[in-house]
Amino acid sequence: MRHMRKWATAILIFGIGNPILYLFSIGLGIGALVDANSGGAGVDGVPYLTFLAPALLASAAIQGAQDETVFPVMQGFIWDKGFFAVNSTPVSSRDIVHGVLTAALIRTLITTAIYELVLLGFGGITLANMLPMYVTAILAAMAYSCVMVGMAGYASENGSFMEVVQRLIIFPMFMFSGTFYPIETTPIYLQWFGWISPLWHATDLSRAISYGHSIEPWVLVVHIAYLALWAVVGLAIAYPKFAKRLSA
Amino acid sequence: MIKATDLTKSYGDFIAVDGINFEIRRGESFGLLGPNGAGKSTTMKMIASVSQRTSGGLEILGLDPNKRGPEIRAHLGVVPQQDNLDRELTVSENLYVYGRYFGLSRKFLKTKVQDLLEFAQLADKAKSKSEELSGGMKRRLTIARALVNEPEIFMLDEPTTGLDPQARHILWDRLFRLKEQGVTLVITTHYMDEAEQLCDRLIVMDKGKIMAEGSPAELIRSYSSREVLEVRFGSSKNAEVAEQIRGLGDRIEVLPDRILVYAEDGEAELAKIHKLGLEPLTSLVRRSSLEDVFLRLTGRTLVE
Ligand SMILES: Nc1ncnc2c1ncn2[C@@H]1O[C@H](COP(=O)(O)OP(=O)(O)OP(=O)(O)O)[C@@H](O)[C@H]1O
Ligand SMILES: [Mg+2]
């Protein structure tokens, strides 16, 4: 009975509250256990919270980017048809893509900053690392935004498209991005989820900044290049799709 | 001002607009008439420089909308068939934000928004969310919004659908005044009285093609007789009676609920019907209207 209550609460939070809050709370919970069990050695040679914080920050930024792009795009094309109204002014389809991304960026800048302050408060990160970690998280969020804007452009009236994307792509990506434990400990056949996930790349990068998690210089370049690739691919999907849909 | 040559738009295999030709002159008031699915809105969207044509030519203000869309749109005012207001913004914010998309200054918009609120008779609703407006009020706001940039070409897709008679007449009056100021009007409508009142010239479309073109008076002259006699014999008997009176007038048209006899002199035809020993339940003689032109061209009544 007690068990069920616990699950119900978790589901409730997951459903209506911010999923990040949920991640955060179980992260801290598990963290306490991990630290206790490993005799204080933590994970990856640092306390669990230190290990977790960069991942949470990147998740928060990306999750925020998700909410701030998918919803406005669906609204603009389907629910309110606002994009069509805007497109009957001199504003072009590209301008609309940029507009959505800019709005998403502004909101993500704010929410990520708040989130980072919380992490700082809990001692998950240090003051000195705040800025580079912030930049990393925002870079990841923007790269991810570009792809989500493109994807959401394909969502149709009957609307199961985004649900499929969510279940088959986004969810596994988040699950296997090495958020709660090092990606190397995941079975190899699941690791590729992490490799394609911008979250893992951002997390790995952020960990390198935060506590000197060791990565080869070329991996660092790969991380940044991969995120940039997401942005480019995202725009390459979004531009023509928006143009096509608005000029049908 | 607007010139279409073999203008065509297809959606997949389906041809919504099928090689139409027309020209609209500056300061003219031009109408598009046609039954549901005729391709009116599709044509309007192409003129509005949002929808890309599949083939043929289209020139607006001397520019190609496929290439210079934003530039052309700066001079257009577009009222779509379906309102697409921002539901979360207030009435005046809707006007203001839309104006900002045209790059208009805050200062200009401050007074412009007030004017448009007056025009739409929504001054007392200025602070309401647009989703709280009634259907007719939303329509009025959408129309007012399209005037924010003081367009050279004002395009209205079924502007008065959903408006009460008073609001309709106010809009007509306003459109007349815009026309006097030299604004070019492009209008689609299902209301024949509206078309007769507002349009200098119009095209009748059906299944993506133009069936006829001309001023309302010209169209009536070429496609209908001077008068129309409408007789009803009850829905079960109309078809049967029609056989007996075939040959009367210039032409007869059998509708489910009545028979129309087209003739120079309606009363004379009614007398002939009486002579045949037939007694209609009701009879009415009226002048021909665009409605009759429409029926003749498309085989359909307008109001379905
Ligand atoms: N986006 C679209 N995709 C596919 N078919 C379309 C699309 N838009 C319009 N059509 C089709 O094109 C035809 C013409 O549509 P249009 O909206 O231009 O008609 P209309 O003359 O404005 O009719 P109404 O009086 O009902 O407004 C219709 O058969 C419609 O189904
Ligand atoms: Mg239409």
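Every value quoted in this text rests on a predicted model; they were computed, and no experiment measured them. In this numbering scheme, every chain counts its residues from 1 along its sequence in written order. Labels are handed out in written order, letters beginning with A for the chains and numbers beginning with 1 for the ligands. Restriction of local features to residues with pLDDT of at least 70 applies here, the model being predicted, together with a cutoff of 80 or more for giving and counting side-chain atom pairs; totals for whole chains, interfaces and linings are based on all residues. In computing side-chain properties, one takes all heavy atoms of the structure into account and sets aside hydrogens as well as water.

Attention now goes to the nonpolar core. Most often, soluble globular proteins keep nonpolar side chains buried together rather than apart. Among the nonpolar cores identified, the biggest contains 61 residues, and Val73, Phe83, Tyr144, Met148, Val149, Met162 and Phe242 of chain A are the most heavily contacted of them. Put simply, the parts of the chain that give this core at least two residues each are helix H3 (48-79), helix H4 (82-87), helix H5 (93-121), helix H6 (130-152), helix H7 (161-175), helix H9 (198-211) and helix H10 (217-246) of chain A. Other than its neighbours up to four places away in sequence, valine 73 of chain A contacts Phe83, Val100, Val149, Ala152, Gly153 and Phe242 of chain A. Remark: nonpolar core denotes a set of buried residues (Ala, Val, Leu, Ile, Met, Phe, Trp, Tyr, Cys) joined through side-chain atoms within 4.5 Å. Remark: exposure states derive from per-residue accessible area (1.4 Å probe, protein chains only) relative to the maximum for the residue type, with buried under 20%, exposed over 50%, and partly exposed in between. Grouped together as the second largest cluster of nonpolar side chains are 48 residues, Phe102, Val113, Ala144 and Ala212 of chain B included. We count a stretch as a helix when DSSP gives it H or I for four or more residues in a row; a strand needs E for two or more, and each element gets its number in order from the N terminus. Two residues form a contact once any of their heavy atoms are found within 4.5 Å.

Okay, the side chain of lysine 112 of chain B next. All names here are of chain B. Note on placement: lysine 112 falls in helix H4 (residues 106-119). Looking at lysine 112, the relative accessible area reads 12%, which means it is buried. Excluding residues that lie within four positions of it along the chain, lysine 112 makes contacts with Leu147, Val148 and Glu150.

Once that is clear, we can look at the site of ligand 1. All names here are of chain B. Any residue with a heavy atom lying within 4 Å of a molecule or strand is counted as near it. Of all residues adjacent to ligand 1, which total 14 residues, the nearest are Asn36, Gly37, Lys40, Ser41 and Thr42. One of the backbone nitrogen or oxygen atoms of glycine 37 is found 2.8 Å away from an oxygen atom of ligand 1. We call two N or O atoms a polar contact when they sit within 3.5 Å, provided that within protein one can donate a hydrogen and the other can accept it, with sequence-adjacent residues counted only if both atoms are side-chain atoms. A distance of 2.5 Å is found between an oxygen atom of ligand 1 and a side-chain nitrogen or oxygen belonging to threonine 42. Accessible surface area values rest on a Shrake-Rupley calculation with a 1.4 Å probe, where residue burial reflects the displayed protein chains alone. About the coverage of ligand 1: the protein hides 65% of its 640 Å² of free accessible area. Residue assignment for the shell around ligand 1 shows that the elements contributing at least two residues are strand S2 (14-24) and helix H1 (40-47). The greatest single-element share of the shell around ligand 1, amounting to three residues, is contributed by H1. When grouped by side-chain class, the residues that make up the shell around ligand 1 number five nonpolar, seven polar and two charged. Three categories are distinguished: nonpolar for Ala, Val, Leu, Ile, Met, Phe, Trp, Tyr, Cys and Pro, charged for Asp, Glu, Lys and Arg, and polar for the others, with Gly belonging to the last.

Turning our eyes to something else, we now look at the interface of chain A and chain B. Residue-level contacts link 16 residues of chain A with 18 residues of chain B. Here chain A and chain B share an interface that buries about 1,400 Å² over both sides, 53% of which is from carbon and sulfur atoms. As a working definition, buried area equals the accessible area (1.4 Å probe) given up by two parts on being put together, with both sides summed. Interface area lost by chain A to chain B is led by Asp80, Ser88 and Pro90 of chain A, which between them contribute 37%. For this analysis, a salt bridge means a side-chain nitrogen from Lys or Arg found within 4 Å of a carboxyl oxygen belonging to Asp or Glu. The interface formed by chain A and chain B contains one salt bridge. Summed over the shared surface of chain A and chain B, the number is eight residue pairs in polar contact (both at pLDDT 80 or more). The element contributing the most residues to the side of chain A that touches chain B is H4 of chain A, with four residues. Looking at the side of chain A that touches chain B residue by residue, the classes come out as eight nonpolar, six polar and two charged.

Residues and elements named next belong to chain B. Scanning all chains against the criterion turns up 27 salt bridges over all chains. Ionic pairing is found between arginine 25 and glutamate 28, a salt bridge with its closest N-O pair at 3.6 Å. Three or more residues are tied together by salt bridges with common partners; here these are Glu230, Arg232, Asp257, Arg258, Arg286 and Asp292.

Another aspect to go through is the packing of aromatic side chains. Working definition: rings of Phe, Tyr and Trp (its six-membered ring) pair if their centres are within 6.5 Å, and the pair is stacked with planes under 30 degrees apart, edge-to-face with planes over 60 apart, and tilted otherwise. One pass over the full model with this rule turns up twelve aromatic pairs over all chains. Residues tyrosine 98 of chain B and phenylalanine 102 of chain B carry aromatic rings whose centres are separated by 5.6 Å and whose planes lie at 65° to one another, so their mutual orientation is edge-to-face. Residues tyrosine 98 of chain B and phenylalanine 102 of chain B agree in their burial class; the two are buried. Joined through ring pairs, the aromatic side chains of Phe77, Phe83, Phe84 and Phe242 of chain A make up one cluster. Any Lys NZ or Arg CZ that is within 6 Å of a ring centre and within 35 degrees of that ring's normal is treated as a charge sitting over the ring. When the ring centre of tyrosine 191 of chain B is taken as reference, the NZ or CZ atom of arginine 168 of chain B above it lies at 4.4 Å.

As a per-residue measure, pLDDT tells how confident the predictor is, with possible values from 0 to 100. Residues of chain B with pLDDT of at least 70 account for 98%, and the chain-wide mean is 92. Interface predicted TM-score (ipTM) for the complex: 0.86; the corresponding pTM is 0.86.

This next bit is on the coordination of the magnesium ion (ligand 2). All names here are of chain B. As a rule, N, O and S atoms within 2.8 Å of a metal are its donors, except that Na, K and Ca use 3.2 Å; water is not among the atoms, so sites may look incomplete. The coordination sphere of the magnesium ion (ligand 2), as far as protein atoms go, consists of Ser41 (OG) and Gln81 (OE1), spread over 1.9 to 2.1 Å. Placement of serine 41 in helix H1 and of glutamine 81 in the loop between strand S5 (76-79) and helix H3 (91-101) is noted, with a sequence separation of 40 residues between them. By relative accessible area, glutamine 81 is classed as partly exposed at 39%.

Both trends apply: most residues other than glycine have a negative phi, and most peptide bonds are in trans. Residues and elements named next belong to chain B. Positive phi, normally seen in glycine, also occurs at aspartate 6, with a value near 50°. Phi is positive for glutamate 150, close to 45°, though the residue is something other than glycine. Its location among the elements puts glutamate 150 in the loop between helix H5 (135-145) and strand S6 (153-157).

Residue and element names in this part refer to chain B. Position of leucine 163 among the secondary structure elements: in the loop between S6 and helix H6 (165-180). Classification of leucine 163 by relative accessible area gives buried; the value is 12%. As for leucine 163 and methionine 137, which are separated by 26 residues in sequence, their C-alpha atoms are 8.1 Å apart. Contacts of leucine 163, omitting those with residues within four sequence positions, involve Gly136, Arg139, Arg140, Arg168 and Leu171.

This brings us to the pairing of strand S8 (residues 201-206) of chain B. Residues and elements named next belong to chain B. With six of six residues buried, S8 lies mostly within the body of the structure. Side-chain alternation along S8 places Arg201, Ile203 and Met205 on one buried face and Leu202, Val204 and Asp206 on a second face that is also buried. Two strands pair when backbone bridges link them, and strand S3 (residues 29-33) and S8 are joined in this way by four bridges, in the parallel orientation. Looking at the pairing, glycine 31 lines up with leucine 202 of S8. Strands were regarded as paired on the criterion that DSSP finds at least two bridges between them. Bridge analysis of S8 against strand S9 (residues 209-214) gives five bridges, and the strand direction is antiparallel. Looking at the pairing, aspartate 206 lines up with lysine 209 of S9.

For patches, a residue must show more than 30% relative accessible area and have no salt bridge; joins then use 9 Å for like charges and 5 Å for nonpolar side chains, namely Val, Leu, Ile, Met, Phe, Trp and Tyr. None of His or the chain ends enter the tally, which takes Lys and Arg as positive and Asp and Glu as negative. The location of each charge is read from NZ of Lys, CZ of Arg, CG of Asp or CD of Glu. A contiguous patch of negative charge on the surface is contributed by Asp86, Glu88, Glu93, Glu131 and Glu132 of chain B. Looking at glutamate 132 of chain B, the relative accessible area reads 55%, which means it is exposed.

Take the sheet that holds strand S12 (residues 259-263) of chain B next. Residues and elements named next belong to chain B. Read across the sheet, four strands follow the order S11-S12-S10-S13 without closing on themselves; strand pairing throughout is antiparallel. A strand with exactly one partner marks an edge of an open sheet, and here the two such strands are strand S11 (251-254) and strand S13 (282-287). Each adjacent strand pair in this sheet contributes to an overall mean axis angle of 20°, direction not counted. Judged from the four bridges that link them, S11 and S12 form a sheet pairing that is antiparallel. For glutamate 253, the partnering residue across the bridge sits in S12 and is leucine 260. Note on definitions: angles span 0 to 180 degrees between N-to-C directions of axes, and those axes are lines fitted to C-alpha atoms, for helices only across the stretch in contact. Against the sheet, helix H9 (residues 238-245) contacts strand S10 (227-232), S11 and S12, and its axis sits at roughly 25° relative to S12.

This next bit is on the environment of aspartate 257 of chain B. All names here are of chain B. For aspartate 257, the position within the fold is in the loop between S11 and S12. Separated by 20 residues in sequence, aspartate 257 and lysine 237 have C-alpha atoms that sit 9.6 Å apart. If we ignore the near neighbours within four places in the chain, the residues touching aspartate 257 are Arg232 and Asn238. A distance of 3.3 Å separates the side chain of aspartate 257 from the side chain of arginine 232, its partner in a polar contact. Of the polar contacts made by the side chain of aspartate 257, one reaches the side chain of arginine 258; its length is 3.3 Å.

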